[in-house]
Amino acid sequence: MDNRPIGIFDSGVGGMTVLKAMKEKLPEENFIYLGDTKRFPYGSKSKQTIIELTKNGIDFLLKQNVKLVVIACGTATSQALKEVQNNYQVPILGVIEPTVQYIQTKQKTKIGVIATTGTIRSRGWENAILQQIPEAQIQSIACPLLAPMVEEGWTDNKIAKLVVKEYLKNFEKMDALILGCTHYPLLATVIQKQLGKKVELINAGEHVAVQTQNILQMSEQLADGHSGKIKIYLTETEEKFHQVAGQLLQQDIIIHQVQEETEFI
Ligand code: DGL
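Everything quoted here is computed from the prediction, not taken from an experiment. (Residues numbered from 1 in each chain as written. Predicted model: local features only at pLDDT ≥ 70, side-chain atom pairs only at ≥ 80, totals over all residues. Heavy atoms only, no water.)

Draft legend 1. Looking closely at the packing of helix α4 (residues 96-105) against helix α10 (residues 204-218). Direction vectors running N to C along α4 and α10 enclose 100°, while the axes themselves pass 8 Å from each other. On the basis of the axis angle, α4 is roughly perpendicular to α10. Packed against α4, whose contacting residues are Glu-97, Pro-98, Thr-99 and Tyr-102, the element α10 presents Ala-204, His-207, Val-208 and Gln-211 at the interface. Its residues placed into classes, the contact of α4 with α10 shows four nonpolar, three polar and one charged. (Axes fitted to C-alpha atoms, helices over the stretch in contact; angles between N-to-C directions. Helix = DSSP H or I, 4+ residues; strand = E, 2+ residues; numbered from the N terminus. Parallel < 35°, antiparallel > 145°, perpendicular 65-115°, else oblique. Contact = heavy atoms within 4.5 Å. Nonpolar A, V, L, I, M, F, W, Y, C, P; charged D, E, K, R; others polar.)

Here it is, written out as C-alpha coordinates:
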(Lines give C-alpha, C1' and ligand atoms only; values in the text may rest on other atoms or scores of the structure.)
Protein backbone atom coordinates (compact mmCIF):
# COMPACT_ATOMS: atom_id res chain seq x y z
CA MET A 1 0.00 0.00 0.00
CA ASP A 2 1.27 3.47 -0.92
CA ASN A 3 -0.78 6.62 -0.34
CA ARG A 4 1.57 8.96 -2.14
CA PRO A 5 -0.20 10.76 -5.00
CA ILE A 6 -0.07 9.97 -8.71
CA GLY A 7 1.34 12.88 -10.76
CA ILE A 8 -0.35 13.92 -13.99
CA PHE A 9 1.18 16.39 -16.41
CA ASP A 10 -0.04 18.32 -19.47
CA SER A 11 0.38 21.73 -21.08
CA GLY A 12 -3.15 22.78 -20.13
CA VAL A 13 -6.62 21.48 -19.45
CA GLY A 14 -6.38 18.45 -21.81
CA GLY A 15 -4.74 16.18 -19.24
CA MET A 16 -7.82 16.65 -17.08
CA THR A 17 -9.57 14.19 -19.42
CA VAL A 18 -6.96 11.66 -18.30
CA LEU A 19 -7.35 12.68 -14.66
CA LYS A 20 -11.12 12.17 -14.96
CA ALA A 21 -10.66 8.63 -16.30
CA MET A 22 -8.04 7.86 -13.64
CA LYS A 23 -10.28 9.12 -10.87
CA GLU A 24 -13.14 6.94 -12.09
CA LYS A 25 -10.94 3.85 -12.25
CA LEU A 26 -8.91 4.55 -9.12
CA PRO A 27 -11.17 6.54 -6.76
CA GLU A 28 -8.97 5.89 -3.74
CA GLU A 29 -5.85 7.42 -5.24
CA ASN A 30 -4.62 10.95 -4.55
CA PHE A 31 -3.68 13.00 -7.61
CA ILE A 32 -1.45 15.98 -8.24
CA TYR A 33 -2.05 17.66 -11.58
CA LEU A 34 0.36 20.05 -13.26
CA GLY A 35 -0.81 22.14 -16.22
CA ASP A 36 2.00 24.14 -17.79
CA THR A 37 -0.45 26.81 -18.92
CA LYS A 38 2.27 29.46 -19.09
CA ARG A 39 3.87 27.62 -22.00
CA PHE A 40 0.72 26.32 -23.71
CA PRO A 41 0.47 25.25 -26.54
CA TYR A 42 3.08 22.51 -26.72
CA GLY A 43 1.82 21.33 -30.10
CA SER A 44 3.75 23.90 -32.13
CA LYS A 45 7.05 23.65 -30.21
CA SER A 46 10.26 21.84 -31.24
CA LYS A 47 11.11 18.37 -29.98
CA GLN A 48 14.02 19.75 -27.94
CA THR A 49 11.79 22.26 -26.19
CA ILE A 50 9.17 19.58 -25.48
CA ILE A 51 11.85 17.37 -23.89
CA GLU A 52 13.01 20.21 -21.61
CA LEU A 53 9.47 21.17 -20.60
CA THR A 54 8.58 17.55 -19.92
CA LYS A 55 11.63 17.11 -17.68
CA ASN A 56 10.67 20.26 -15.77
CA GLY A 57 7.13 18.98 -15.32
CA ILE A 58 8.26 15.58 -14.06
CA ASP A 59 10.81 17.18 -11.71
CA PHE A 60 8.10 19.41 -10.24
CA LEU A 61 5.81 16.43 -9.65
CA LEU A 62 8.60 14.40 -8.07
CA LYS A 63 9.18 17.24 -5.62
CA GLN A 64 5.56 16.70 -4.57
CA ASN A 65 6.51 13.10 -3.72
CA VAL A 66 4.48 11.29 -6.37
CA LYS A 67 4.75 7.50 -6.77
CA LEU A 68 4.14 7.44 -10.53
CA VAL A 69 3.89 10.06 -13.29
CA VAL A 70 1.47 10.06 -16.21
CA ILE A 71 2.44 12.31 -19.10
CA ALA A 72 -1.15 13.09 -20.03
CA CYS A 73 -0.18 14.81 -23.26
CA GLY A 74 0.13 13.27 -26.71
CA THR A 75 2.66 15.88 -27.78
CA ALA A 76 5.00 15.21 -24.84
CA THR A 77 4.48 11.44 -24.99
CA SER A 78 5.31 11.24 -28.69
CA GLN A 79 8.42 13.40 -28.49
CA ALA A 80 9.82 13.17 -24.99
CA LEU A 81 8.72 9.98 -23.24
CA LYS A 82 11.46 7.73 -24.64
CA GLU A 83 14.10 10.38 -23.94
CA VAL A 84 13.17 10.84 -20.28
CA GLN A 85 11.54 7.58 -19.20
CA ASN A 86 14.63 5.86 -17.89
CA ASN A 87 16.01 8.81 -15.94
CA TYR A 88 13.71 8.42 -12.96
CA GLN A 89 13.12 6.05 -10.04
CA VAL A 90 9.33 6.07 -10.42
CA PRO A 91 7.37 4.73 -13.43
CA ILE A 92 6.76 7.38 -16.12
CA LEU A 93 3.80 6.50 -18.36
CA GLY A 94 2.55 8.07 -21.58
CA VAL A 95 -0.74 7.95 -23.45
CA ILE A 96 0.28 6.11 -26.63
CA GLU A 97 1.34 2.60 -25.61
CA PRO A 98 -1.68 1.61 -23.47
CA THR A 99 -4.06 3.04 -26.08
CA VAL A 100 -2.46 1.10 -28.93
CA GLN A 101 -2.60 -2.08 -26.83
CA TYR A 102 -6.33 -1.56 -26.47
CA ILE A 103 -6.80 -1.00 -30.22
CA GLN A 104 -4.94 -4.22 -30.90
CA THR A 105 -7.31 -6.20 -28.71
CA LYS A 106 -10.29 -4.72 -30.56
CA GLN A 107 -8.83 -5.77 -33.93
CA LYS A 108 -9.33 -2.41 -35.56
CA THR A 109 -7.31 -1.91 -38.74
CA LYS A 110 -8.66 1.22 -40.43
CA ILE A 111 -7.52 3.83 -37.98
CA GLY A 112 -7.61 7.61 -38.05
CA VAL A 113 -5.42 9.80 -35.88
CA ILE A 114 -5.96 13.45 -35.04
CA ALA A 115 -3.39 15.24 -32.90
CA THR A 116 -1.25 18.36 -32.61
CA THR A 117 1.26 19.35 -35.28
CA GLY A 118 4.22 18.13 -33.21
CA THR A 119 2.63 14.76 -32.52
CA ILE A 120 1.78 14.15 -36.17
CA ARG A 121 5.28 15.29 -37.24
CA SER A 122 6.83 12.79 -34.81
CA ARG A 123 4.78 9.87 -36.24
CA GLY A 124 4.54 8.65 -32.63
CA TRP A 125 1.07 7.14 -33.00
CA GLU A 126 1.73 5.67 -36.46
CA ASN A 127 4.95 3.95 -35.43
CA ALA A 128 3.41 2.49 -32.28
CA ILE A 129 0.34 1.25 -34.18
CA LEU A 130 2.35 -0.32 -37.00
CA GLN A 131 4.58 -2.09 -34.51
CA GLN A 132 1.57 -3.79 -32.90
CA ILE A 133 -0.74 -3.99 -35.93
CA PRO A 134 1.41 -4.22 -39.09
CA GLU A 135 -1.62 -4.50 -41.37
CA ALA A 136 -3.15 -1.24 -40.07
CA GLN A 137 -4.19 1.42 -42.56
CA ILE A 138 -3.65 4.76 -40.89
CA GLN A 139 -4.78 8.23 -41.90
CA SER A 140 -3.59 11.09 -39.76
CA ILE A 141 -4.04 14.82 -39.67
CA ALA A 142 -2.74 17.65 -37.49
CA CYS A 143 -5.48 19.82 -35.98
CA PRO A 144 -3.59 22.76 -34.42
CA LEU A 145 -6.72 24.83 -33.75
CA LEU A 146 -8.52 22.27 -31.61
CA ALA A 147 -6.51 22.41 -28.36
CA PRO A 148 -6.63 26.26 -28.13
CA MET A 149 -10.37 26.08 -28.79
CA VAL A 150 -10.81 23.64 -25.92
CA GLU A 151 -8.73 25.87 -23.59
CA GLU A 152 -11.18 28.63 -24.48
CA GLY A 153 -14.13 26.43 -23.57
CA TRP A 154 -15.37 26.29 -27.18
CA THR A 155 -16.24 22.63 -27.25
CA ASP A 156 -19.79 22.56 -28.55
CA ASN A 157 -20.54 25.84 -30.33
CA LYS A 158 -20.86 26.83 -34.01
CA ILE A 159 -17.15 27.48 -34.43
CA ALA A 160 -16.19 24.13 -32.89
CA LYS A 161 -18.54 22.32 -35.28
CA LEU A 162 -17.19 24.16 -38.33
CA VAL A 163 -13.53 23.63 -37.42
CA VAL A 164 -14.04 19.94 -36.65
CA LYS A 165 -15.93 19.48 -39.94
CA GLU A 166 -13.14 21.13 -41.92
CA TYR A 167 -10.39 19.02 -40.31
CA LEU A 168 -12.26 15.74 -40.73
CA LYS A 169 -13.57 16.26 -44.25
CA ASN A 170 -10.83 14.32 -46.04
CA PHE A 171 -10.87 11.24 -43.84
CA GLU A 172 -11.95 8.10 -45.65
CA LYS A 173 -14.00 5.39 -43.95
CA MET A 174 -12.43 4.15 -40.72
CA ASP A 175 -13.22 1.86 -37.80
CA ALA A 176 -11.79 4.06 -35.10
CA LEU A 177 -10.45 7.58 -34.62
CA ILE A 178 -7.74 8.13 -32.04
CA LEU A 179 -8.14 11.39 -30.16
CA GLY A 180 -4.37 11.74 -30.16
CA CYS A 181 -4.30 14.92 -28.10
CA THR A 182 -5.76 14.77 -24.62
CA HIS A 183 -7.72 17.98 -25.19
CA TYR A 184 -9.85 16.33 -27.87
CA PRO A 185 -12.14 14.14 -25.71
CA LEU A 186 -13.75 17.44 -24.71
CA LEU A 187 -14.83 17.74 -28.35
CA ALA A 188 -16.05 14.14 -28.54
CA THR A 189 -19.74 14.99 -28.98
CA VAL A 190 -19.05 17.25 -31.95
CA ILE A 191 -16.56 14.81 -33.49
CA GLN A 192 -18.89 11.83 -33.07
CA LYS A 193 -21.75 13.71 -34.73
CA GLN A 194 -19.51 14.56 -37.65
CA LEU A 195 -18.25 10.99 -38.17
CA GLY A 196 -21.38 9.04 -37.24
CA LYS A 197 -21.90 6.40 -34.57
CA LYS A 198 -20.07 3.57 -36.33
CA VAL A 199 -16.64 5.11 -35.80
CA GLU A 200 -15.27 4.39 -32.32
CA LEU A 201 -13.60 7.41 -30.76
CA ILE A 202 -10.57 6.35 -28.78
CA ASN A 203 -9.89 8.32 -25.61
CA ALA A 204 -6.45 7.57 -24.19
CA GLY A 205 -7.39 8.37 -20.58
CA GLU A 206 -9.28 5.14 -19.97
CA HIS A 207 -6.40 3.02 -21.21
CA VAL A 208 -3.71 4.83 -19.23
CA ALA A 209 -5.91 4.35 -16.16
CA VAL A 210 -5.95 0.57 -16.76
CA GLN A 211 -2.17 0.48 -17.23
CA THR A 212 -1.65 2.55 -14.07
CA GLN A 213 -3.87 0.22 -12.07
CA ASN A 214 -1.96 -2.84 -13.33
CA ILE A 215 1.43 -1.34 -12.49
CA LEU A 216 0.39 -0.23 -9.00
CA GLN A 217 -1.27 -3.56 -8.32
CA MET A 218 1.83 -5.49 -9.32
CA SER A 219 4.09 -3.39 -7.11
CA GLU A 220 1.51 -3.45 -4.28
CA GLN A 221 1.35 0.33 -4.35
CA LEU A 222 -2.39 0.96 -4.65
CA ALA A 223 -3.74 3.44 -2.09
CA ASP A 224 -5.83 2.16 0.80
CA GLY A 225 -9.61 2.44 1.20
CA HIS A 226 -10.06 6.22 1.61
CA SER A 227 -11.50 8.60 -0.92
CA GLY A 228 -8.65 10.26 -2.84
CA LYS A 229 -7.93 13.99 -3.15
CA ILE A 230 -6.99 16.08 -6.19
CA LYS A 231 -4.54 18.97 -6.08
CA ILE A 232 -4.14 21.10 -9.19
CA TYR A 233 -1.14 23.30 -10.01
CA LEU A 234 -0.86 25.66 -12.98
CA THR A 235 2.16 27.68 -14.07
CA GLU A 236 -0.23 30.48 -15.06
CA THR A 237 -3.64 30.76 -13.48
CA GLU A 238 -6.45 30.81 -15.97
CA GLU A 239 -10.10 31.58 -15.30
CA LYS A 240 -11.10 29.45 -18.27
CA PHE A 241 -9.19 26.47 -16.93
CA HIS A 242 -11.24 26.66 -13.77
CA GLN A 243 -14.48 26.64 -15.75
CA VAL A 244 -13.59 23.91 -18.27
CA ALA A 245 -11.96 21.59 -15.73
CA GLY A 246 -14.72 22.12 -13.13
CA GLN A 247 -17.38 21.19 -15.70
CA LEU A 248 -15.44 18.14 -16.80
CA LEU A 249 -14.87 16.80 -13.28
CA GLN A 250 -18.32 17.91 -12.10
CA GLN A 251 -16.89 19.40 -8.96
CA ASP A 252 -15.54 22.69 -7.78
CA ILE A 253 -11.76 22.79 -8.01
CA ILE A 254 -9.08 24.80 -6.28
CA ILE A 255 -6.10 25.88 -8.36
CA HIS A 256 -2.64 26.54 -6.94
CA GLN A 257 -0.19 28.75 -8.78
CA VAL A 258 3.30 27.29 -9.18
CA GLN A 259 5.95 29.62 -7.79
CA GLU A 260 8.30 29.21 -10.74
CA GLU A 261 11.41 30.74 -9.20
CA THR A 262 11.45 28.36 -6.27
CA GLU A 263 9.36 25.37 -7.27
CA PHE A 264 9.58 24.78 -10.98
CA ILE A 265 13.06 24.55 -12.41
N1 DGL B 1 -2.92 18.08 -24.55
C2 DGL B 1 -1.79 18.10 -25.39
C3 DGL B 1 -1.65 16.85 -26.22
O4 DGL B 1 -2.16 15.84 -25.82
C5 DGL B 1 -1.27 19.28 -26.06
C6 DGL B 1 -1.95 20.47 -26.53
C7 DGL B 1 -0.92 21.55 -26.77
O8 DGL B 1 -0.31 22.00 -25.80
O9 DGL B 1 -0.73 21.91 -27.94
O10 DGL B 1 -1.01 16.82 -27.23
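Moving on, there is more to tell.
Draft legend 2. Looking closely at helix α11 (residues 239-249). Considered for burial, the residues of α11 that qualify are Phe-241, Val-244, Ala-245, Gly-246, Leu-248 and Leu-249. Where α11 is buried, its residues contact α1 (15-25), β2 (31-35), α7 (146-151), β9 (230-234) and β10 (255-257). Taken from the residues just after α11, Gln-250 is the one with a positive phi, measuring 60°. (Buried < 20%, exposed > 50% of the residue type's maximum accessible area, 1.4 Å probe, protein only.)

Draft legend 3. Expanded view of the layout of surface pockets. In this model, the largest pocket occupies a volume close to 540 Å³. Lining the largest pocket are 24 residues, and of these Leu-81, Lys-82, Ile-96, Glu-97 and Ala-128 sit closest to its centre. The set of elements that each furnish at least two residues to the lining of the largest pocket consists of α3 (74-84), β4 (92-93), α4 and α6 (124-132). Looking at which element gives the most residues to the lining of the largest pocket, the answer is α3, with seven residues. Taken together, the residues that form the lining of the largest pocket break down as eight nonpolar, 11 polar and five charged. (1 Å grid on protein atoms, 1.4 Å probe; cavity = no way out; pocket = protein on both sides within 12 Å on 5 of 7 lines; lining within 4 Å. Points joined across faces, edges and corners; volume = space filled by probe spheres on them.)

Draft legend 4. Up close: the side chain of Gln-79. Tracing the chain through its elements places Gln-79 in helix α3. Not counting the four nearest positions on each side in its chain, Gln-79 is found in contact with Lys-45, Ser-46, Lys-47, Ile-50, Ile-51, Gly-118, Thr-119, Arg-121 and Ser-122.

Draft legend 5. How the structure looks around the packing of helix α2 (residues 47-63) against α3. Running from N to C, α2 and α3 cross one another at 75°; their axes reach a closest spacing of 9 Å. As far as their axial angle goes, α3 and α2 are roughly perpendicular. Between α2 and α3, the contacting residues are Lys-47, Ile-50, Ile-51, Thr-54, Lys-55 and Ile-58 on the first element and Thr-75, Ala-76, Gln-79, Ala-80, Glu-83 and Val-84 on the second. Of the residues belonging to the contact of α2 with α3, the class tally is six nonpolar, three polar and three charged.

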